[in-house]
Amino acid sequence: MSSYFKRNNGIYYYQWYEKGKQHKCSLMTDNELLAKQRVIDLDNKLFKNSLSYILKIVTLSDCIDKFLENKEATVKPTTFSRYVTIAKNLKDWFGSSPANQLTTEDVAEYINTRRKFVTGKTIHEELNILKSSLKTAWANYMISELPVREWPKVKKIPAKPETLGYYSLQDIAKLKAYFHGKKFEPVFLFALYTGCRRSEIANIKVEDIDLSMMTIKIRNIKTESNSSDVFRYISINSQLQNVLKKQLNKVRSGPLFPWFAKIATSQAAKIMNKACNESGVQYKRFHGLRHTMATYLIASGMNIREVMGVMGWTELSTAEKYIHLANAIKNRMNIVPF
């Protein structure tokens, strides 16, 4: 025997008796015609004794498996592979927990724990899969209602303030001596005399160097999404000219520093750290070479807007961060002193 009724929230529910016990499940609609159609479907299942699956404890793992089953044929293999990886993490954490007992507090605990190992973006992606899994289970009558009404937000962790450390003239002299004759020397000097980021150096091409006009075309890594800020042009420092000539004799096309293009992200900092340790210089990161150029350009009296052009900055506030460093340098030189 079965029936259906409408709750105060407007949603229709299915009610039936089995072994003398009353059971209910949501029909997940406020449309009476659709509710009647679903009642007929459930009555048929009840008649065939196949409705018992509604009574079993459905775990979050069951919900996730159902989600994967639905997605396998509808998304790209690479996307599905990503879903499988995320699903494993979710099942390892929630696995055998009953889906209908999931709470906001459970999700919050998951977020706090995962934050120690992955980024907020990854946690967002994982929670989206969990939400979709629950909705899929709900749509397939596996659970009668969605258990979590309010999902906790993944708070952004403020980025660590950038340390504006620069290398002193004595530091630069020591590092020049250390790198002299080494494979890393031209990269070090290029970074020192251009103020380029390591990713920008990795992207420099032979055709970006114009010795006849004494200019370098640099792709702005951080502002290239703005079509007006894709490239910047800087003049070639006289002490960098010979370095570039030698490099152009070795490399005729493609990346100016082919080997560096492959290891820029993973090895540049390690090489710089080792150099500082072995030459008695306080390590200020590879990026410290960029800070060094910016600081000495401002200290030399160069117009702040010109400095912004050399460094590829779009915000005046970025340039102003270096002014206090420049003011600390007493020697108001007209040219970069290294």
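Fair warning: this is a prediction, and the values are worked out from it, not measured in the lab.

### As for the sheet that holds strand S5 (residues 215-219)
For step 1, the next point in the chain: One open sheet holds the three strands; their spatial order is S4-S5-S6, and the pairing between them is antiparallel. The outermost strands of the open sheet, each flanked by one partner alone, are strand S4 (209-210) and strand S6 (231-235).
For step 2, the next point in the chain: Note that S4 and S5 share two bridges and pair antiparallel. By the bridge assignment for S5, Asp 210 is matched with Thr 215.

### As for unusual backbone geometry
For step 1, the next point in the chain: We note that Met 214 has phi near 55°; this positive angle belongs to a residue other than glycine.
For step 2, the next point in the chain: As for its placement among the helices and strands, Met 214 is situated in the loop between S4 and S5.
For step 3, the next point in the chain: One non-glycine residue, Arg 285, lies in positive phi territory at about 75°.
For step 4, the next point in the chain: Looking at the element boundaries, Arg 285 is found in the loop between helix H10 (258-279) and helix H11 (288-299).

### Points about the packing of aromatic side chains
The geometry of an aromatic ring pair comes down to the distance between the two centres and the angle between the two planes.
For step 1, the next point in the chain: Considering all chains together, one arrives at 17 aromatic pairs under this definition.
For step 2, the next point in the chain: Measuring from centroid to centroid gives 5.2 Å for Tyr 178 and Phe 179, while their planes differ by 85°, and the two rings are edge-to-face. For the pair shown, Tyr 178 and Phe 179 are each scored as buried.
For step 3, the next point in the chain: An aromatic cluster is built from Tyr 178, Phe 179, Phe 184, Phe 188, Trp 259, Phe 260 and Phe 286, whose rings are joined through pairwise contacts.
For step 4, the next point in the chain: A cation over an aromatic ring shows up here: Lys 182 above the ring of Tyr 178, its NZ or CZ 4.4 Å from the ring centre.

### Examining the sheet that holds strand S1 (residues 2-6)
For step 1, the next point in the chain: Here we have three strands laid out as an open sheet, ordered S1-S2-S3, and antiparallel in their pairing. Edge strands, defined here as strands with exactly one partner in the open sheet, are S1 and strand S3 (21-26). This sheet shows a mean twist of 25° between the axes of neighbouring strands, independent of strand direction.
For step 2, the next point in the chain: Pairing geometry for S1 and strand S2 (residues 12-18), over five bridges, is antiparallel. Among the inter-strand pairings, Tyr 4 is bridged to a residue of S2, identified as Tyr 14.

Rules and cut-offs
Residues numbered from 1 in each chain as written. Predicted model: local features only at pLDDT ≥ 70, side-chain atom pairs only at ≥ 80, totals over all residues. Heavy atoms only, no water. Pairing = 2+ DSSP bridges. Helix = DSSP H or I, 4+ residues; strand = E, 2+ residues; numbered from the N terminus. Phe/Tyr/Trp six-rings, centres within 6.5 Å; stacked < 30°, edge-to-face > 60°. Buried < 20%, exposed > 50% of the residue type's maximum accessible area, 1.4 Å probe, protein only. Lys NZ or Arg CZ within 6 Å of the ring centre and 35° of its normal. Axes fitted to C-alpha atoms, helices over the stretch in contact; angles between N-to-C directions.

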